[in-house]
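# A structural walkthrough
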Amino acid sequence: MGKTLAYKIIEGHLTDGEMSPGSEITIRVDQTLTQDSTGTMVYLQLEAMEAEKVKTELSVAYVDHNTLQNGFENADDHAFIESVAKRHGVIFSKPGNGICHQLHLENYGIPGKTLLGSDSHTPTGGGLGMIAIGAGGLDVAVAMAQGRYTFALPRVLNVELSGRLRPWASAKDVILRVLEILTVKGGVGKIIEYTGEGVTALSVTDRATITNMGAELGATASIFPSDENTRAYLKSQGRENDYVPLAADADAVYDERIAVNLSELAPLAAKPHSPDNVSGVAEIGPIKVDQVAIGSCTNSSYADLMKVAAILRGRSVHPEVSLVVSPGSSRILSKLAANGALADMINAGARVIENACGPCIGMGQSPKSGAVSLRTFNRNFKGRSGTADAQVYLVSPETAAISAVKGVLTDGMASGEALPEIQAEYLPPVTSFLVYPDGSGKSGTAVAMGPNIKPFPRNEPLPGELTVTVALKAGDNITTDDIMPSDSRLLPFRSNVPYLADYCFEKIDPGFAARCKAVGPCAVVGGGNYGQGSSREHAALAPLHLGVRMVLAKSFARIHRSNLINSGILPLLFADPEDYSRLAEGHVLALRDAPGQILRESLRVENTSTGEVYELLAGFSEQEKAMLLAGGKINLIRGRG
Ligand code: MIC
Ligand code: SF4
């Protein structure tokens, strides 16, 4: 029986467990990446584990999220990360170098390797034929300390691509089409593997746009084969030697299959406020646009920005539109500066800002009240732009650029304008932003701890009886942005959980934090796909600090579920989804013999306010049970509890 590419790579890295979907496996982790907004916690945890030099082949600490330095906090975090990186043999990428996923593709990604990153868009590396997985910070810290990662083996969904994209249709439209078909829940528990003759017409950066937004499907990873296009990309980055050809067997067996014909795609947009709320740009029509933002780890490659420059050349951005461009990396920006494309953008009236996440994570460039903002990013959750009533549409760079000129949402394909083809070119590396560890090891460096860096919260071992008050009842598709909002106001406090915790669920229920503090141990009730989106473990750590000990939901997003367990918070599934409607805020729930019950497949929770008893599914792996009993992963590792 033929094998999928995903399973070939995983099997080659397997250290424990069996290649049977859903079962717990452990793999060797070749590479890790962290970024600063999750990274401070990762390195605090690495320190707490008393780890020495990292056990991976390569680990990189990027700084790309919290680059606005309005006060000392972010700069202190950068210094902290740099010092710990040096101590543990981790490469440090200075702020200004670019966005972690773009930089990792350019500098370090290697086909066939495994990569674990403390950012949900780590699967971008699948564009290079890697098994690249996003995880909570603690899992990445453990991967650095031990060189391993344990997770449930996903099933593999095949997307078979045929045809060839027409001008004005782009990789973004491919993944928007897949999101339209599968929805934001459609990838949970799966790896998305792309095959078919359509693959050969997509460059590595096109593929990376697609694997990047696999995160929005809820998928564990997405992967493309490694072929001549991969070789061409690595060559363009001066790394042809890293090329390895890789593909699924011709008779590979997949668990599910969908097909997309690239030749039929026209420009698409994800409408407010979800990446799967997809329609044709032509169908949405020429709505007036106030802001256009081009960049993010999804669409900030050299080819993307060259297309944008070509569309803008000799024209002006519409007087009522603010166009902002954030290139993906120093290497890209340097090349655009050298070949004149940067001047084309500036002359057209683009605001070119730092190579960083920037507006994608609400770090500046919030649109005006009620604005329509077209963004080439990957998430359009309500309020993420920093403006609560903004209407954010996710589009391709081509659609963004032509719309910025016209002042209205524009389908370039329908406009009939010609669009130049962009050829792959050599991009000279920019190495000045990279700091390599000198090998002096742990004793060599002191850790730089700014005053805003506080210890992360620790849980207690699971008590004999767990009694909790329902502090919040939330709906479906709650994002980690809903649980722990992030913007330029709050991001500087990612190393200060006690401070952040006061803003937990702020957008949904501003009274949440105060209520938790008043009632003591508490619970959150959620609907389906609870915790989708970012990998930020702050969405578990802040609730932990506030006393949340249990989350009851209809289903959980993968990374958030792991983050809850790592923090010793019980994620429980309703056996009967109707029980969701029987629960209300203020109800007091009792889980008797908690340590005994979590060892079972299902457990019974009594609602002492109504007298009802609910069956909840536990389904924890052996390692998860041990973590929950100990009150979290760190307690387990340190042998407490
Ligand atoms: C995001 O896109 O939401 C982030 C910011 O990159 C997060 C990480 C974080 O919250 O720090 C992610 O996607 O994991
Ligand atoms: Fe940065 Fe946005 Fe990518 Fe997250 S999604 S890593 S905030 S660019």
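That block above? That's the structure.
As a starting point, this report considers the structure included with it. (Residues numbered from 1 in each chain as written. Chains lettered and ligands numbered in written order. Predicted model: local features only at pLDDT ≥ 70, side-chain atom pairs only at ≥ 80, totals over all residues. Heavy atoms only, no water.)

Turning our attention to unusual backbone geometry. Along the chain, Pro 272 connects to His 273 via a cis peptide bond; the corresponding omega equals -5°. As for its position among the elements, His 273 is in the loop between strand S13 (268-270) and strand S14 (278-280). At Gln 365, a residue that is not glycine, the phi angle is positive and equals roughly 60°. Position of Gln 365 relative to the elements: it lies in the loop between strand S17 (351-352) and strand S18 (372-375). (Helix = DSSP H or I, 4+ residues; strand = E, 2+ residues; numbered from the N terminus.)

Further remarks concern the packing of aromatic side chains. A full pass over the atoms with the stated rule returns seven aromatic pairs. Each ring, one from Tyr 149 and one from Phe 151, has its centre 5.1 Å from the other, and the planes form 15°; the classification is stacked. Look at Tyr 499 and Tyr 503: their rings are 5.6 Å apart centre to centre, the planes differ by 35°, and that puts the pair in the tilted class. The partly exposed category is assigned to Tyr 499, whose relative accessible area is 32%. Three or more aromatic residues link up through ring pairs in this structure, and these residues are Phe 493, Tyr 499 and Tyr 503. Taking NZ or CZ as reference, Lys 473 lies 4.4 Å from the ring centre of Tyr 580, over its face. (Phe/Tyr/Trp six-rings, centres within 6.5 Å; stacked < 30°, edge-to-face > 60°. Buried < 20%, exposed > 50% of the residue type's maximum accessible area, 1.4 Å probe, protein only. Lys NZ or Arg CZ within 6 Å of the ring centre and 35° of its normal.)

Right, let's get into the site of ligand 1. Every one of the 14 residues lining ligand 1 counts as a neighbour, but Ser 37, Asp 119, Ser 120, Ser 535 and Arg 536 are closest to it. The contact in question runs from an oxygen atom of ligand 1 to an N or O atom on the side chain of Ser 120, over 2.5 Å. Note that an oxygen atom of ligand 1 is positioned 2.8 Å from one of the side-chain N or O atoms of Arg 384. Burial of ligand 1 by the protein amounts to 97% of the accessible area it has alone, namely 330 Å². Tallied by class, residues from the shell around ligand 1 come to one nonpolar, eight polar and five charged. (Near = heavy atom within 4 Å. Polar contact = N/O pair within 3.5 Å; in protein donor to acceptor, adjacent residues only side chain to side chain. Areas by Shrake-Rupley, 256 points an atom, 1.4 Å probe, with all protein chains shown as cover. Nonpolar A, V, L, I, M, F, W, Y, C, P; charged D, E, K, R; others polar.)

Within the open sheet, the four strands sit side by side as S11-S10-S9-S12. Their pairing is parallel. One side of each edge strand has no neighbouring strand; the edge strands of this open sheet are strand S11 (221-223) and strand S12 (256-261). Neighbour-to-neighbour, the strand axes of the sheet open up by a mean angle of 20°, direction not taken into account. Across six bridges, the pairing between strand S9 (residues 155-162) and S12 is parallel. (Pairing = 2+ DSSP bridges. Axes fitted to C-alpha atoms, helices over the stretch in contact; angles between N-to-C directions.)

All right, on to the site of ligand 2 then. Neighbouring residues of ligand 2: His 65, His 101, Asp 119, His 121, Ser 296, Cys 297, Cys 357, Cys 360, Ile 361, Asn 378 and Arg 384. Across the shell around ligand 2, the residue classes break down as four nonpolar, five polar and two charged.

With that out of the way, let us pick up the pattern of salt bridges. In the structure shown here, the tally under the stated rule is 38 salt bridges. Overlapping salt bridges bring together Lys 288, Asp 290, Glu 320 and Lys 368 as one network. (Salt bridge = Lys/Arg side-chain N within 4 Å of Asp/Glu carboxyl O.)

Okay, the nonpolar core next. Core analysis: the largest hydrophobic core is formed by 79 residues, its most contacted members being Tyr 43, Phe 505, Phe 512 and Tyr 530. Ignoring anything within four residues of it in the chain, the contact list for Phe 505 reads Leu 472, Ile 478, Asp 482, Ile 483, Pro 485, Pro 510, Phe 512, Val 524 and Tyr 530. Residues Ala 309, Met 345, Ala 404 and Leu 419 belong to the second largest nonpolar core, which totals 36 residues. (Core = buried A, V, L, I, M, F, W, Y, C linked by side-chain atoms within 4.5 Å. Contact = heavy atoms within 4.5 Å.)

Positionally, Thr 387 belongs in the loop between S18 and strand S19 (391-394). A polar side-chain atom of Thr 387 sits 2.6 Å from the main-chain carbonyl oxygen of Pro 367.

Before going further, it helps to examine the sheet that holds strand S22 (residues 522-525). Taken in spatial order, the seven strands line up as S21-S22-S23-S24-S27-S26-S25 and close into a barrel, and their pairing is mixed. Taken pair by pair, the neighbouring strands of this sheet meet at an average axis angle of 40°, ignoring direction. With two bridges joining them, strand S24 (residues 570-574) and strand S27 (residues 613-617) adopt antiparallel strand pairing. Residue pairing for S27: Leu 573 is matched across the bridge by Leu 617.

It is at 9 Å that the axes of helix H10 (residues 302-312) and helix H13 (residues 397-406) come closest, and there the two elements cross at 25°. By the criterion of interaxial angle, the relationship of H10 to H13 is roughly parallel. Here the hand of the crossing between H10 and H13 comes out right-handed. Contacts from Asp 304, Lys 307, Val 308, Ile 311 and Leu 312 in H10 reach Pro 397, Glu 398, Ala 401, Ile 402 and Val 405 in H13. (Parallel < 35°, antiparallel > 145°, perpendicular 65-115°, else oblique. Left-handed = near helix turned anticlockwise from the far one by under 90°.)

Glancing now at helix H2 (residues 36-48). The terminal C-alpha atoms of H2, which comprises 13 residues, lie 18 Å apart, in line with the 18 Å expected from a rise of 1.5 Å per residue. Most of H2 is tucked away: 12 of the 13 residues are buried. By the N-cap criterion, in which a side-chain oxygen at the helix start approaches the backbone nitrogen of a residue two or three places on, H2 is capped by Gln 35, the distance to Ser 37 being 2.7 Å. Looking one or two places after H2, you find Glu 50, whose phi comes out positive at around 55°. (Expected span 1.5 Å × (residues − 1).)

By the secondary structure assignment, Thr 40 is in helix H2. The buried category is assigned to Thr 40, whose relative accessible area is 0%. When the C-alpha positions of Thr 40 and Arg 379 are compared, they lie 23 Å apart, and in sequence the two are 339 residues distant. For Thr 40, the contacting residues outside a window of four places in its chain are Asp 77, Phe 80, Ile 81, Arg 494 and Ser 495.

Moving on, we come to the pairing of strand S8 (residues 148-152). Judged by which residues are buried, S8 turns out to be one-sided: Tyr 149 and Phe 151 face inward and are buried, whereas Arg 148, Thr 150 and Ala 152, on the alternate face, are not. With five bridges connecting them, strand S2 (residues 24-28) and S8 associate as antiparallel partners. The residue of S8 that forms the bridge with Arg 28 is Arg 148.

Turning next to the pairing of strand S10 (residues 190-195). Along S10, six of the six residues are buried, which leaves the element largely enclosed by surrounding structure. Judged by which residues are buried, S10 turns out to be covered on both faces: Lys 190, Ile 192 and Tyr 194 on one side and Ile 191, Glu 193 and Thr 195 on the other are all buried. Across six bridges, the pairing between S9 and S10 is parallel. Note on S10: the bridge partner recorded for Glu 160 is Thr 195.

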